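# Structural overview
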Amino acid sequence: MNQKTDENEERHSNFGIIRILIYQLVATVVLASIIWFFAGKVAGYSSVLGGLICLVPNIFLGTRLMLSNRNARGILRAAYLGELGKVILTTLMFGLVFFKVKPLNALYLFLSFMVVQFAVSIELLNKEK
């Protein structure tokens with residue numbers, strides 16, 4: 001392939017990662033706003049925290065992937081290290097929230113975490129190539 005094709009593929013790949021992160025941010029804000037309105041303040045900020053526990057580690061992973069060398073070895077290395085960092089960050093953030101945030105509504109924390117995690121599916125199921 002030529003250099004122009006490689007640059008276009010890299011740009012398209014980076015936009016996909018950025019779109020996923022934007023979908024997750026929007027899902028966090030919208031879901032937390034709805035929950036805050038209908039279930040109250042504690043449920044609302046618990047929902048925000050659940051969304052952020054999902055979003056922040058994905059930002060780490062996405063950044064690793066976007067900054068990786070664009071060869072197979074570089075992408076694979078970035079994916080492994082990014083996923084390891086994502087798991088560690090997620091675990092640390094859950095621990096920190098459960099240790100430091102009182103009162104906390106665990107139902108809305110986990111619900112928001114799961115919904116925001118599934119926001120990745122919007123981009124993966126996107127037919128536009």
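Coordinates for the structure precede this section.
Okay, so let's go over this structure. (Residues numbered from 1 in each chain as written. Predicted model: local features only at pLDDT ≥ 70, side-chain atom pairs only at ≥ 80, totals over all residues. Heavy atoms only, no water.)

Our next topic: a nonpolar patch on the surface. A contiguous nonpolar surface patch, about 830 Å² in accessible area, is contributed by Phe15, Ile18, Ile22, Val26, Val30, Ile34, Phe37 and Phe38. Following the sequence through the fold, phenylalanine 15 ends up in helix α1 (residues 3–39). The class of phenylalanine 15 is partly exposed, set by a relative accessible area of 43%. (Patch = residues over 30% accessible without salt bridge, like charges linked within 9 Å, V, L, I, M, F, W, Y side chains within 5 Å. Areas by Shrake-Rupley, 256 points an atom, 1.4 Å probe, with all protein chains shown as cover. Salt bridge = Lys/Arg side-chain N within 4 Å of Asp/Glu carboxyl O. Helix = DSSP H or I, 4+ residues; strand = E, 2+ residues; numbered from the N terminus. Buried < 20%, exposed > 50% of the residue type's maximum accessible area, 1.4 Å probe, protein only.)

Our next topic: the packing of helix α2 (residues 41–66) against helix α4 (residues 106–118). Orientation of α2 relative to α4, taken along the N-to-C sense of each, is 40°, at an axis distance of 7 Å. As far as their axial angle goes, α4 and α2 are oblique. Considering only the axes of α2 and α4, their crossing is right-handed. Contacts from Ala43, Ser46, Ser47, Leu49, Gly50, Gly51, Ile53, Cys54 and Asn58 in α2 reach Tyr108, Leu109, Ser112, Phe113, Val116 and Gln117 in α4. Of the residues contributing to the contact of α2 with α4, the split by class is 8 nonpolar, 7 polar and no charged. (Axes fitted to C-alpha atoms, helices over the stretch in contact; angles between N-to-C directions. Parallel < 35°, antiparallel > 145°, perpendicular 65-115°, else oblique. Left-handed = near helix turned anticlockwise from the far one by under 90°. Contact = heavy atoms within 4.5 Å. Nonpolar A, V, L, I, M, F, W, Y, C, P; charged D, E, K, R; others polar.)

So, about α4. Under the 1.5 Å per step criterion, the end-to-end length of α4 is 18 Å for 13 residues, consistent within 8% with the ideal 18 Å. Of all the positions in α4, only Leu109, Ser112, Phe113 and Val116 are classed as buried. Buried residues of α4, seen end-on, are gathered within an arc of 105° and therefore sit on one face of the element. Facing away from the buried side of α4 by more than 90 degrees, the exposed set consists of Leu107 and Phe118. Capping the start of α4, asparagine 105 holds a side-chain oxygen 3.1 Å from the backbone nitrogen of leucine 107, two or three residues further along. (Expected span 1.5 Å × (residues − 1). Arc of directions from axis to C-beta. Polar contact = N/O pair within 3.5 Å; in protein donor to acceptor, adjacent residues only side chain to side chain.)

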